[in-house]
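Coordinate analysis (summary)
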Amino acid sequence: MNYKRSSALFAQAETVIPGGVNSPVRAFKAVGGTPIFVKEAKGAYLYDEDGNKLIDYINSWGPMILGHAHKPVVNAVIDKAKKGTSFGMPTEIETKIAQLAVSMVPNIDKIRFVNSGTEACMSAVRLARGYTGKDKIIKFAGCYHGHSDSFLIQAGSGAVTFGSPNSPGVTQGTAKDTLLARYNDIENVTELIEANNNEIACIIIEPVAGNMGCIPPKEGFLQALRDVCDAHNILLIFDEVMTGFRLAKGGAQELFNINADIVCFGKVIGGGLPVGAFAARNEIMNHLAPLGPVYQAGTLSGNPLAMAAGLAMLNELDNDAEIFNRLAEKTAYLHEGIAKVLNENNIVHTINRVGSMISVHFDEGEVVDFETAAKGNNDTFKKFFHGLLNEGVYIAPSAFETWFITDALTYEDLDFTIAAVNTVAETL
Ligand code: PLP
């Protein structure tokens, strides 16, 4: 494949944008090589500036669950744009998307829209602190909740890939209020709660972790968290920025039949535009300004274009009774196919999968937390990544990311991908 134009564009970008990118993982630092500059995308495919066609398994890191440039979403945005792009005043469409989200997701009465997953998680934690009157939070090593200070204590995603778990600029004062637990380890959580008696406002978790590969919660783990939160007056926050409107209509709460106290959204809920949201029952949401004392705001929050894209996306998902089964079946097919060819080529690996999230780890044994995810062979992953890219298959340029399966993928695309994995496996 030829990346001449991408390389030239990257060189230009580097002169005016730090590292040439507006979000670190895009720079390919973990795998080396030149980031690919996208020209356009349609359905399951990306077309880059050099004219290469790639099957896309990142899908903008999750939002494009129905594929790129999905007509109903694009049309909704075009129609809205013609009527003005931002007012900073209430619009009917905000209520419409809120009503639909509340009807799809269990256990929430009200939802507040923001502009990113980071904002959603940051605001959810503030609300939990304001509601409980306590300061400390528990997060899990390897879970990523955006780049707000309280979460960059040993975050997954970019920060881990770069081997710099504590970002300079995050103060010790902030860090001391964030406690880190091991994913899937309820004893560890209980120890932290006991050591910080009556000081913990909330536990925030990705109910399926997607920022250290794809890591499912062990049987009973989420219920155990629910129980321990109930016993200690701690709010349970599900960060469903990845899992929301992806694993089921009602996200992980529905899939695992566990109620969270606050739920955070991003990605799919915005249909590819910059949207985040957080939601809860009335008794919690009514603490938020202007109803209550917990402040939160945004000039572009509830932006009409973003709401139009999100509403069109949620309508599509709500009206398709089979969508989540179909996605899970495609992902299972890919899983079986990849496992078969890696086994045939004697490549040591573990594949994790939940719904339409899947990850391939180059190590043996279960991958259940950050420690086991970090054991994966990164040299093998780099070769795997570049080999697949050369075959026209684009997976995330980091071993710590999940793949996102889109409904636009056909079984021919999946077979093409499995054949590509076979070709690459012979070189690993
Ligand atoms: N929470 C999770 C689970 C995420 O995966 C991400 C981003 O990948 C975020 C929060 C932050 O979202 P954003 O990048 O929109 O700020």
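Worth saying up front: this structure is predicted, and the values here are computed from it rather than measured. (Residues numbered from 1 in each chain as written. Predicted model: local features only at pLDDT ≥ 70, side-chain atom pairs only at ≥ 80, totals over all residues.)

Attention now moves to the overall build of the protein. Check the secondary structure of the protein and you find 15 helices and 14 strands. Against the globule reference of 22 Å for 428 residues, the protein gives a C-alpha radius of gyration of 21 Å, in line with a compact fold. The principal-axis extents of the C-alpha atoms in the protein amount to approximately 55 × 55 × 45 Å. Each of the 428 residues in the protein was classed as buried or not, and the buried ones make up 50%. (Helix = DSSP H or I, 4+ residues; strand = E, 2+ residues; numbered from the N terminus. Rg over C-alpha atoms; globule rule 2.2 N^0.38 Å. Buried ≥ 20, exposed ≤ 12 C-beta atoms within 10 Å, placed from the backbone.)

What follows concerns the site of the ligand. In the vicinity of the ligand lie 16 residues, with S116, G117, T118, G146 and V241 positioned nearest. For the shell around the ligand, the element with the most residues is helix α4 (residues 117-132), which contributes three residues. Per-class residue counts for the shell around the ligand are five nonpolar, nine polar and two charged. (Near = placed C-beta within 6 Å. Nonpolar A, V, L, I, M, F, W, Y, C, P; charged D, E, K, R; others polar.)

Before going further, it helps to examine helix α8 (residues 221-231). Along α8, the positions that sit buried rather than exposed are F221, L222, L225 and C229. The buried residues of α8 occupy an angular sector of 100° when projected down its axis, which confines them to one face. For α8, exposure combined with an orientation more than 90 degrees from the buried face picks out D230 and A231. Packed against the buried residues of α8 are α7 (186-195), β7 (200-205), β8 (235-239) and α9 (251-256). Just beyond α8, the residue with positive phi is N233, at close to 55°. (Arc of directions from axis to C-beta. Contact = placed C-beta atoms within 7 Å.)

Where strand β2 (residues 45-48) lies against strand β3 (residues 53-56), three bridges are found, and the strand directions are antiparallel. Its bridge partner lying in β3, Y47 is registered against K53. Counted along the chain from β2 to the antiparallel partner β3, the turn is four residues long, and its residue G51 has a positive phi close to 90°. Pairing analysis gives two bridges linking β3 to strand β13 (residues 393-394), with the strands arranged parallel. By the bridge assignment, D56 is partnered in β13 with Y394. (Pairing = 2+ DSSP bridges.)

Moving on to the environment of A69. With respect to the helices and strands, the residue A69 is situated in the loop between β3 and α2 (71-81). Overall, the presence of 14 C-beta atoms within 10 Å leaves A69 in the partly exposed class. Once the C-alpha coordinates of A69 and E40 are considered, the two residues, 29 residues apart in sequence, prove to be 9.0 Å apart.

Looking now at the sheet that holds β7. Spatially, the seven strands line up as an open sheet ordered β4-β10-β9-β8-β7-β5-β6, and their pairing is mixed. Each end of this open sheet is capped by a strand with a single partner; those strands are β4 (110-114) and β6 (178-181). Taking each pair of neighbouring strands and ignoring which way they run, the sheet shows an average axis angle of 20°. As defined by bridge partners, β7 adjoins β8 across four bridges and the pair is classed as parallel. Opposite C202, over in β8, you have L235 as the bridge partner. Sheet contacts for α7: β5 (136-140), β6 and β7; angle to β6, the most-contacted strand, approximately 155°. Sheet contacts for α8: β7 and β8; angle to β8, the most-contacted strand, approximately 145°. (Axes fitted to C-alpha atoms, helices over the stretch in contact; angles between N-to-C directions.)

Here helix α3 (residues 92-104) is 13 residues long and its end C-alpha atoms lie 19 Å apart, about the 18 Å a rise of 1.5 Å per residue gives. Taken residue by residue, α3 has E94, I97, A98 and A101 as its buried positions. Looking down the long axis of α3, one finds its buried residues gathered within 105° of arc, a one-sided arrangement. Facing away from the buried side of α3, by more than 90 degrees, are the exposed residues E92, T95, Q99 and S103. Tucked inside the fold, the buried residues of α3 contact β4, β10 (276-280) and α11 (304-318). (Expected span 1.5 Å × (residues − 1).)

The next point concerns the packing of α2 against α11. One can describe the packing of α2 onto α11 by two numbers: an axis separation of 8 Å at closest approach and a directional angle of 150°. The orientation of α2 relative to α11 falls into the category roughly antiparallel. Where α2 crosses over α11, the two elements pack in a sense that is right-handed. Every residue of α11 that contacts α2 at P72, V73, A76, V77, K80 and A81 is listed here: P304, L305, A308, A309, L311, A312, M313 and E316. (Parallel < 35°, antiparallel > 145°, perpendicular 65-115°, else oblique. Left-handed = near helix turned anticlockwise from the far one by under 90°.)

With an omega of 10°, the peptide bond between A289 and P290 qualifies as cis. Position of P290 relative to the elements: it lies in the loop between α10 (282-285) and α11. Phi at N346 takes a positive value of approximately 55°, unusual for a residue other than glycine.

Turning next to the environment of K134. Summarising the element assignment, K134 is placed in the loop between α4 and β5. Separated by 76 residues in the primary sequence, K134 and I58 place their C-alpha atoms 38 Å from one another. Apart from residues lying up to four places away in sequence, K134 is in contact with R129, E199, I200 and A201.

So, on to the UniProt feature "modified residue: N6-(pyridoxal phosphate)lysine" (unreviewed entry) in the protein. According to UniProt, the "modified residue: N6-(pyridoxal phosphate)lysine" (unreviewed entry) feature falls on K267. Here K267 is to be found in the loop between β9 (262-265) and β10. Setting aside chain neighbours within four positions, we find K267 in contact with W61, G62, P63, G117, V241 and M242. (UniProt positions renumbered as here; feature names shortened; annotations may be inferred.)

What follows deals with the pairing of β4. With four of five residues buried, β4 is to be regarded as a mostly interior element. Two strands pair when backbone bridges link them, and β4 and β10 are joined in this way by five bridges, in the antiparallel orientation. Pairing of I111 across the sheet is with A279, part of β10.

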